[in-house]
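Below, each chain spelled out in residue letters.
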Amino acid sequence: TGTPIPGAVAMLRAGGRVRMATADEGGAIRFDGLPVGPFSMGVVHRGHVLKDLRGHLTEGRNQVDVSMARGATIVGEVRDAQSGAPVVGVVLSVSSGDAIAVTHTDEAGQYRLDGVPPDATRMTARHPRYVEQHLAVAPTLEHTVKVVVRLQLGLELRGKVVDTENRPLGHARFMLGGLKSKIYK
């Protein structure tokens, strides 16, 4: 709608440095002392979808106008599927294209995701001790959506790495899942 968004926070990466600026009452931001070359900038504000921009700074004055879409809100709680206890520190994310909204659960297992892209269809819940879960979501701009997540405790794999003479090997790495796996330290 072209309405200024005071308080929006912009994080700019240019010339190997990261800088932050907060929009004034008129929605204006300003970065000085930037080098010629590529830049990337993310802009966030509660209730709006994250805006990610990339470009190239040239000699003289550079202008970037940012239009931020309103985002939906998803609230809820995360509980252990077995005990019903709240799960603290779960990372919840919803994405659509380049836009993403991320939060984590508090001490009561509750969360609030603001700035959710209205066309998002999937939410992911991650915690190191639990099985990752993907949930279908249907956020709307008209009302807050509530999603309760129940996570299953994951299995544990333990072992030790030794050489052929059964001596422990420090700083060894192992992979789970074959060729497309992650390497763990």
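Residues numbered from 1 in each chain as written. Predicted model: local features only at pLDDT ≥ 70, side-chain atom pairs only at ≥ 80, totals over all residues. Heavy atoms only, no water.

1. Side note on the overall build of the chain
- Counting its secondary structure elements, the chain contains 0 helices and 13 strands.
- Listed N to C, the secondary structure of the chain is β-β-β-β-β-β-β-β-β-β-β-β-β in terms of helices and strands.
- Here the C-alpha atoms of the chain give a radius of gyration of 22 Å, more than 25% beyond the 16 Å that 2.2 N^0.38 yields for 185 residues.
- Relative to its full complement of 185 residues, the chain shows a buried share of 33%.
- In the chain, of all internal contacts separated by at least 6 residues, the share reaching a separation of at least 24 is 40%.
- Only carbon and sulfur atoms are counted for the fraction: they give 51% of the accessible area of the chain, which is about 12,700 Å². (Helix = DSSP H or I, 4+ residues; strand = E, 2+ residues; numbered from the N terminus. Rg over C-alpha atoms; globule rule 2.2 N^0.38 Å. Buried < 20%, exposed > 50% of the residue type's maximum accessible area, 1.4 Å probe, protein only. Contact = heavy atoms within 4.5 Å. Areas by Shrake-Rupley, 256 points an atom, 1.4 Å probe, with all protein chains shown as cover.)

2. What about the nonpolar core?
- Core analysis: the biggest nonpolar cluster contains 21 residues, and Ile-74, Leu-92, Met-123, Val-147 and Val-149 have the highest contact counts within it.
- Of all the secondary structure elements, the ones that give two or more residues to this core are strand S5 (72-80), strand S6 (91-96), strand S8 (110-116), strand S9 (122-126) and strand S11 (145-151).
- A total of 4 residues in this core trace back to one element, the largest contributor, which is S11.
- Those residues in contact with Val-147 that sit more than four places away from it in its chain are Ile-74, Val-75, Gly-76, Glu-77, Tyr-111, Met-123, Leu-135 and Val-137.
- By size, the runner-up hydrophobic cluster in this structure holds 14 residues, among which are Leu-12, Met-41, Val-43 and Leu-57. (Core = buried A, V, L, I, M, F, W, Y, C linked by side-chain atoms within 4.5 Å.)

3. Structural notes on the sheet that holds strand S3 (residues 37-44)
- Strand order in the open sheet formed by 4 strands is S2-S1-S3-S4, and the pairing between neighbours is antiparallel. Where the open sheet ends on each side, the last strands, each with one partner, are strand S2 (17-22) and strand S4 (51-57). On average, adjacent strands in this sheet sit at an angle of 20° to one another, irrespective of strand direction.
- For S3 and S4, the ladder comprises 7 bridges, and the chain directions are antiparallel. Across the sheet, the residue bridging to Val-43 is Lys-51, located in S4. (Pairing = 2+ DSSP bridges. Axes fitted to C-alpha atoms, helices over the stretch in contact; angles between N-to-C directions.)

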